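Reading the structure
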Amino acid sequence: MEYPTKRSYDVIIAGAGPAGSTLGYELARMGISVLILEKERLPRYKPCAGGITVKAANMLGLDISAVTRSVVHGARVTYRKNKAFTKWYDQPLIYTVMRDEFDHLLVRRSQEAGATVIDNEAVCRIETTADAVRVMTTKNALQAQILVGADGARSTVAGHAGLMQKTYLGMGLEAETSVAGEKLVQWDSLMGLDLGHIRGGYGWVFPKKDHLSVGAGGPLRQVRRLRSGYRAVLKSYDLGSGSVSRMRSHYLPVRRKGMAIQSKRCLLLGDAAGLVDPLTGEGIHNAIKSAQIAAPIIDQCLRANILDLRDYQDAVDRELMPELRAARAFARLFTWFPRLCFTLVERNDRLWRACCRLLRGEETYVTIKRRLDPLEGLFDLLTV
Ligand SMILES: Cc1cc2nc3c(=O)[nH]c(=O)nc-3n(C[C@H](O)[C@H](O)[C@H](O)COP(=O)(O)OP(=O)(O)OC[C@H]3O[C@@H](n4cnc5c(N)ncnc54)[C@H](O)[C@@H]3O)c2cc1C
């Protein structure tokens, strides 16, 4: 990658994950000069189950079949090893990917649209002045009108800009697991969800064509149980004999409404803004969505030469937070009554189909909650 001589951009984005690359693509298409800085060498490995829900994939406006490992149509759900059911849906629920391949596809799209991408260079420090933001990297001093933190759960930009100070964090542990061919075939089109081992969390098995991604996640207070939760998943699905590689853990940040995700010349996207779903741990959908919300607002600010990014935070509060708030209520129910949740979905096909429509974006937490009327008010108490 040839290093550009240009030192000043309209927008610099820290991080080339789904949030940063989507924003880079959207801004470049609008003719805005944009630089994406990524601290790792690309393509980079990322600990992730790699589940792209249909609702997330639909938002991209991009064919991801070249990087899709498996198309999931059903789930094998277990509760503490001794209870299990398998249910199918007649349409795709989730596409599984390896994140290095998926994220790199998005990076290439942003480059094709005109974004400049520099890898192996991290944002270290920022200084905001009256007319610009100075961005000090591991190699250079650069300058932009606006700096975007799309740099993940432990965002350097958020830290330096004094944003997202009290994030509620969860954590996920993930490993790539190779198993014998006949075991792999059993998981074709099927994901595993293992309940009851981690309070407020769950374990998973996602098929990746030539191997399985196996992991466990939950609230940070359960972090000591993640390893045993992970081993329980292997046991529940009889995968203990598989060979395990790349076992890593990573934070899952969750924002509360009102937490600052913008200041005069900075804004945060995706994980940096704490937009992970508190029930499922899904973060890619909101990483993409937050980028798509930010792009026209940044464009407007640059055109009008009036830097006021509050519209971005307002739009996130309006468009994303009601859904995350409702998800938090469901997450509470799940934390307190995991066995009941298991039994309800096992016995009630309408509920199973509602969960499937949720993954497909044809239903939202808010619409499901509304249908629980007259219990809706009670539900609202769970989000306090
Ligand atoms: C174990 C686990 C499993 C998960 N499974 C799923 C799943 O199946 N489906 C789903 O939707 N979500 C899942 N998630 C959540 C998902 O991984 C994140 O929500 C998603 O990656 C957020 O995208 P992002 O672009 O905001 O951040 P990231 O994808 O984290 O990208 C941030 C980028 O910024 C770079 N960076 C960091 N610091 C700097 C810096 N100072 N300068 C420059 N670059 C920097 C990083 O190297 C990284 O490439 C999972 C998370 C975990 C931990």
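Predicted model only: the values in this text are computed from it and were never measured.

1. Side note on the domain arrangement of the chain
- Domain boundaries assigned for the chain yield domain 1 (8-45 + 99-167 + 255-323) and domain 2 (71-92 + 168-253).
- When each unit is reduced to the centre of its C-alpha atoms, the spacing between domain 1 and domain 2 is 30 Å.
- At the junction of the two partners, domain 1 supplies 13 residues and domain 2 supplies 10 residues.
- Roughly 1,100 Å² is buried in total at the junction of domain 1 and domain 2, and carbon and sulfur atoms are behind 57% of that figure.

2. With respect to a nonpolar patch on the surface
- On the surface, Trp 336, Phe 337, Leu 340 and Leu 344 cluster together to form a nonpolar patch covering roughly 410 Å² of accessible area.
- In this fold, Leu 340 is placed in helix H10 (residues 338-347).
- Residue Leu 340 is classed as partly exposed on the basis of its relative accessible area of 48%.

3. Considering the nonpolar core
- Among the nonpolar cores identified, the biggest contains 59 residues, and Leu 23 and Leu 269 are the most heavily contacted of them.
- In terms of residue count, helix H7 (residues 284-304) provides more of this core than any other element does, eight residues in total.
- Beyond its immediate stretch of four places on either side in the chain, Leu 269 contacts Ala 19, Leu 23, Val 148, Gly 149, Ala 150, Ser 290, Ala 291, Ala 294 and Tyr 312.
- In terms of nonpolar packing, the next biggest core, distinct from the first, is built from 20 residues, Ala 49, Val 72, Ala 75 and Tyr 202 among them.

4. Notes on unusual backbone geometry
- The omega angle of the peptide bond from Leu 42 to Pro 43 is -5°, so this bond is cis rather than trans.
- Phi angles above zero are rare outside glycine, and Met 164 is one such case at about 50°.
- Topologically, Met 164 is positioned in the loop between helix H4 (156-161) and strand E12 (168-178).
- Phi is positive for Ser 189, which is not a glycine, with a value near 70°.
- Along the chain, the position of Ser 189 falls in the loop between helix H5 (181-186) and strand E13 (190-195).

What counts as what
Residues numbered from 1 in each chain as written. Predicted model: local features only at pLDDT ≥ 70, side-chain atom pairs only at ≥ 80, totals over all residues. Heavy atoms only, no water. Domains from an automatic or database assignment. Contact = heavy atoms within 4.5 Å. Buried area = accessible area lost by both parts, 1.4 Å probe. Patch = residues over 30% accessible without salt bridge, like charges linked within 9 Å, V, L, I, M, F, W, Y side chains within 5 Å. Areas by Shrake-Rupley, 256 points an atom, 1.4 Å probe, with all protein chains shown as cover. Salt bridge = Lys/Arg side-chain N within 4 Å of Asp/Glu carboxyl O. Helix = DSSP H or I, 4+ residues; strand = E, 2+ residues; numbered from the N terminus. Buried < 20%, exposed > 50% of the residue type's maximum accessible area, 1.4 Å probe, protein only. Core = buried A, V, L, I, M, F, W, Y, C linked by side-chain atoms within 4.5 Å.

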